[in-house]
Amino acid sequence: MSARVAILGATGPAGSGLALRLARAGEDVIVGSRDAARARQAAASIAQRAGSAARVTGMENSAACAAADLLVLTVPFAGQAALLKELVPHMRPGSLLIDATVALAASVGGKPTRTLDLWQGSAAQQAAELVPAGVQVAAAFHNISADALQGDSPLDCDVIVCADEKRARQAASQLAEKIPGVRAVDGGRLENSRILEQITALLIGINIRYKVHGAGIRITGLPLPPP
Ligand SMILES: NC(=O)c1ccc[n+]([C@@H]2O[C@H](COP(=O)([O-])OP(=O)(O)OC[C@H]3O[C@@H](n4cnc5c(N)ncnc54)[C@H](OP(=O)(O)O)[C@@H]3O)[C@@H](O)[C@H]2O)c1
């Protein structure tokens with residue numbers, strides 16, 4: 001699937017890093033923000049870094065939602081549910097939402113090395129409860145460092161994708177593999193995204209202990225070698 005991709009919350013390090021990498025890969029990217037002017041400013045900066053052929057537009061989140069069939073959510077957990085509720089009326093029927101939200105305890109004043117226990121199981125499962133019927137949800141990009149995305153070198157990590165529907169899993173995997181150095185790995189059902197979120201907390205602790213910013217994961221022993 002190659003569609004226009006809207007990244008909601010793309011003024012932050014994770015979303016803007018994804019936007020940069022996808023724009024460099026030739027994707028038509030919308031940078032979403034709660035504020036249209038901030039979105040346009042971020043889009044211009046990303047476009048400048050991505051090269052003259054880059055297609056990057058900035059829009060307020062609801063306009064971004066209405067303009068794309070492929071949505072990526074990169075906002076702090078504390079704002080995820082409220083934002084999704086606002087966006088629901090603007091989502092196109094049949095669109096796909098890739099949720100990268102991590103329910104870090106830091107999003108409610110706790111430690112970044114811990115996650116919150118959610119009734120639904122994970123932030124992505126919370127998202128799946130909130131989107132309209134017919135909008136499929138995948139969980140991906142939780143374990144990819146924003147710092148690494150912001151750089152120029154190919155990445156050296158896997159993106160584990162969890163989803164209940166094949167179409168959502170395939171779309172998220174194809175998008176992830178547009179990023180040089182990334183291999184998508186099928187992580188099974190959406191309920192497994194709770195493990196992805198906990199791995200992020202673990203990686204943040206590893207970053208702290210090793211004084212680095214870009215720790216990631218690779219799964220070994222698979223038939224498909226990493227790129
Ligand atoms: N940083 C990483 O390395 C990384 C890696 C994997 C996953 N993640 C996850 O990806 C998400 C984004 O990470 P980040 O570091 O980019 O976060 P961030 O900088 O804290 O937030 C990203 C953007 O979300 C918007 N936002 C902030 N508070 C909001 C609210 N209450 N409601 C709606 N929008 C809000 C802001 O954009 P506007 O003000 O322009 O609307 C902000 O620029 C988080 O859930 C994080 O756990 C991050």
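Structure shown above.
**Some remarks on the state of the cysteines**
One covalent bond between the sulfur atoms of two cysteine residues makes up a disulfide.
No. 1: Taken as a whole, this structure holds zero disulfides when the rule is applied.
No. 2: Unpaired in terms of disulfides, C162 finds its nearest cysteine sulfur in C157, a separation of 15 Å.
No. 3: The class for C162 is buried, based on a relative accessible area of 1%.

**Digging into the pairing of strand β2 (residues 28-33)**
Within a regular strand, side chains alternate between the sheet's two faces.
No. 1: A large share of β2 lies buried, amounting to five of its six residues.
No. 2: Sheet topology note: the strand β1 (residues 5-8)/β2 ladder contains four bridges and is parallel. Within the sheet, the bridge partner assigned to A6 lies in β2 and is I30.
No. 3: In this view, the connection linking β1 to its parallel neighbour β2 by way of helix α1 (residues 13-24) has right-handed handedness.
No. 4: Bridge count between β2 and strand β3 (residues 55-60): six bridges; the pairing is parallel. Bridged to G32 within β3 is M59.
No. 5: Remark: the β2/helix α2 (residues 36-50)/β3 crossover connection has right-handed handedness.

Definitions and cut-offs
- Residues numbered from 1 in each chain as written.
- Predicted model: local features only at pLDDT ≥ 70, side-chain atom pairs only at ≥ 80, totals over all residues.
- Heavy atoms only, no water.
- Disulfide = S-S within 2.5 Å.
- Buried < 20%, exposed > 50% of the residue type's maximum accessible area, 1.4 Å probe, protein only.
- Helix = DSSP H or I, 4+ residues; strand = E, 2+ residues; numbered from the N terminus.
- Pairing = 2+ DSSP bridges.
- Right-handed = clockwise from strand over helix to strand, strands pointing away.

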